[in-house]
Amino acid sequence: MKLILASQSPRRVELLGRITTDFVAIPAQGEEQVSPGTPPRETAGLLALQKAQEVAAEHPGALVIGSDTVVDFNGHRLGKPRDRQDARQMLQCLSGASHWVHTGCALVQGERVERFVSSTQVTFYPLTPEEIDAYLDTGEPFDKAGAYGIQGQGALLVKEIQGDYYTVVGFPLAQVARILRQWGKISKEKNSQI
């Protein structure tokens, strides 16, 4: 059985590697297609499913895992910033406030489909303009939804989280491992070593 991660994210590759090393990463190439006004949580699940189905269509018989992360601030989706000013505005919005991070995952193999969305609440410290500029200077925010990465220097912005840390990173590790175990794709012994 071939296992494919429908992603080019180094973080997702690394995290799936904690479950199994027997997989390949083949990112989906299609454009995101979500109706305007779709709630952020639902968007994460739909985009994960689109990615998994696109790659599964090209690799019949393979088990494909798709994943997508959406930052949700007051019901509005914060994507990857367009530029430095956009990133600054996002971080100013998140400063001293709480937001949600939703990561959708979809597992597709032939007609079999399972998907879920994991949600975690993140609260930032109040950020000074100097702190925001210093973080922007790291270059880290520009390829991250919501303009921060909790697994990097963005951790210095976070006061607390309520929920699964790996949801915020972009791949709910334990939940994916349990589904793979239920599907008989990894052994209980391997899963217990996580």
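Look up a bit, the structure's there.
Below or above, wherever it landed, is the structure these notes cover. (Residues numbered from 1 in each chain as written. Predicted model: local features only at pLDDT ≥ 70, side-chain atom pairs only at ≥ 80, totals over all residues. Heavy atoms only, no water.)

Here we take up the overall build of the protein chain. Assigned secondary structure in the protein chain consists of seven helices and seven strands. Over its C-alpha atoms the protein chain spans a radius of gyration of 17 Å, differing by no more than 12% from the 16 Å that the globule rule assigns to 194 residues. When burial is assessed residue by residue, the protein chain has 47% of its 194 residues classed as buried. Of the contacts formed within the protein chain by residues at least 6 apart in sequence, a portion of 67% connects residues at least 24 apart. Entry remark: accessible area of the protein chain is about 9700 Å², with carbon and sulfur atoms responsible for 47%. Where the 20 positive side-chain charges of the protein chain centre and where its 22 negative ones centre are 6 Å apart. (Helix = DSSP H or I, 4+ residues; strand = E, 2+ residues; numbered from the N terminus. Rg over C-alpha atoms; globule rule 2.2 N^0.38 Å. Buried < 20%, exposed > 50% of the residue type's maximum accessible area, 1.4 Å probe, protein only. Contact = heavy atoms within 4.5 Å. Areas by Shrake-Rupley, 256 points an atom, 1.4 Å probe, with all protein chains shown as cover. Lys, Arg positive; Asp, Glu negative; His and termini not counted. Charge placed at Lys NZ, Arg CZ, Asp CG, Glu CD.)

Its location among the elements puts Val55 in helix α2 (residues 40–58). Classification of Val55 by relative accessible area gives buried; the value is 1%. Setting aside residues no more than four positions away along its own chain, Val55 makes contact with Ile4, Ala6, Ile26, Pro27, Ala28 and Val64.

Another aspect to go through is the packing of aromatic side chains. Going through the model one piece at a time under the given rule, you end up with two aromatic pairs. Ring centres 4.8 Å apart and planes at 75° place the aromatic pair Phe124 and Tyr148 in the edge-to-face group. With a gap of 24 residues between them, Phe124 in strand β6 (residues 112–124) and Tyr148 in the loop between α4 (129–137) and β7 (158–162) connect regions that are remote in the sequence. With respect to class, Phe124 is no different from Tyr148; both count as buried. Taking 5.1 Å as the distance between ring centres and 80° as the angle between the ring planes, the aromatic pair formed by Tyr165 and Tyr166 counts as edge-to-face. Accessibility expressed as a relative area gives 31% for Tyr165, which makes it partly exposed. On the basis of relative accessibility, which here comes to 26%, the residue Tyr166 falls in the partly exposed class. The lysine or arginine in question, Arg112, covers the ring of Trp183, its NZ or CZ lying 4.0 Å from the ring centre. (Phe/Tyr/Trp six-rings, centres within 6.5 Å; stacked < 30°, edge-to-face > 60°. Lys NZ or Arg CZ within 6 Å of the ring centre and 35° of its normal.)

One pass over the full model with this rule turns up seven salt bridges. Linking Arg82 and Asp86 is a salt bridge whose minimum nitrogen-to-oxygen distance equals 3.6 Å. On the basis of relative accessibility, which here comes to 70%, the residue Arg82 falls in the exposed class. The class for Asp86 is buried, based on a relative accessible area of 9%. The partner of Asp137 in a salt bridge is Arg84, and the shortest N-O contact between them spans 2.8 Å. Within this pair, whereas Asp137 is found in helix α4, its partner Arg84 is found in helix α3 (residues 84–94), the two being separated by 53 residues in sequence. Of the residues examined, Asp137 reaches a relative accessible area of 58% and is grouped as exposed. Residues participating in the shared-partner salt-bridge network are Arg84, Arg88, Asp133 and Asp137. (Salt bridge = Lys/Arg side-chain N within 4 Å of Asp/Glu carboxyl O.)

So, about the environment of Thr43. Here Thr43 is to be found in helix α2. Judged by relative accessible area, which is 2%, Thr43 ranks as buried. Considered as a pair, Thr43 and Val117 are 74 residues apart in the sequence and their alpha carbons are 9.6 Å apart. Apart from residues lying up to four places away in sequence, Thr43 is in contact with Val34, Thr38, Val70 and Arg77.

So, about the layout of surface pockets. As a volume, the largest pocket reaches approximately 890 Å³. As for the largest pocket, its lining consists of 37 residues, of which Arg12, Glu32, Lys51, Asp68 and Lys80 are closest to the centre. For the lining of the largest pocket, the per-class residue count stands at 14 nonpolar, twelve polar and eleven charged. (1 Å grid on protein atoms, 1.4 Å probe; cavity = no way out; pocket = protein on both sides within 12 Å on 5 of 7 lines; lining within 4 Å. Points joined across faces, edges and corners; volume = space filled by probe spheres on them. Nonpolar A, V, L, I, M, F, W, Y, C, P; charged D, E, K, R; others polar.)

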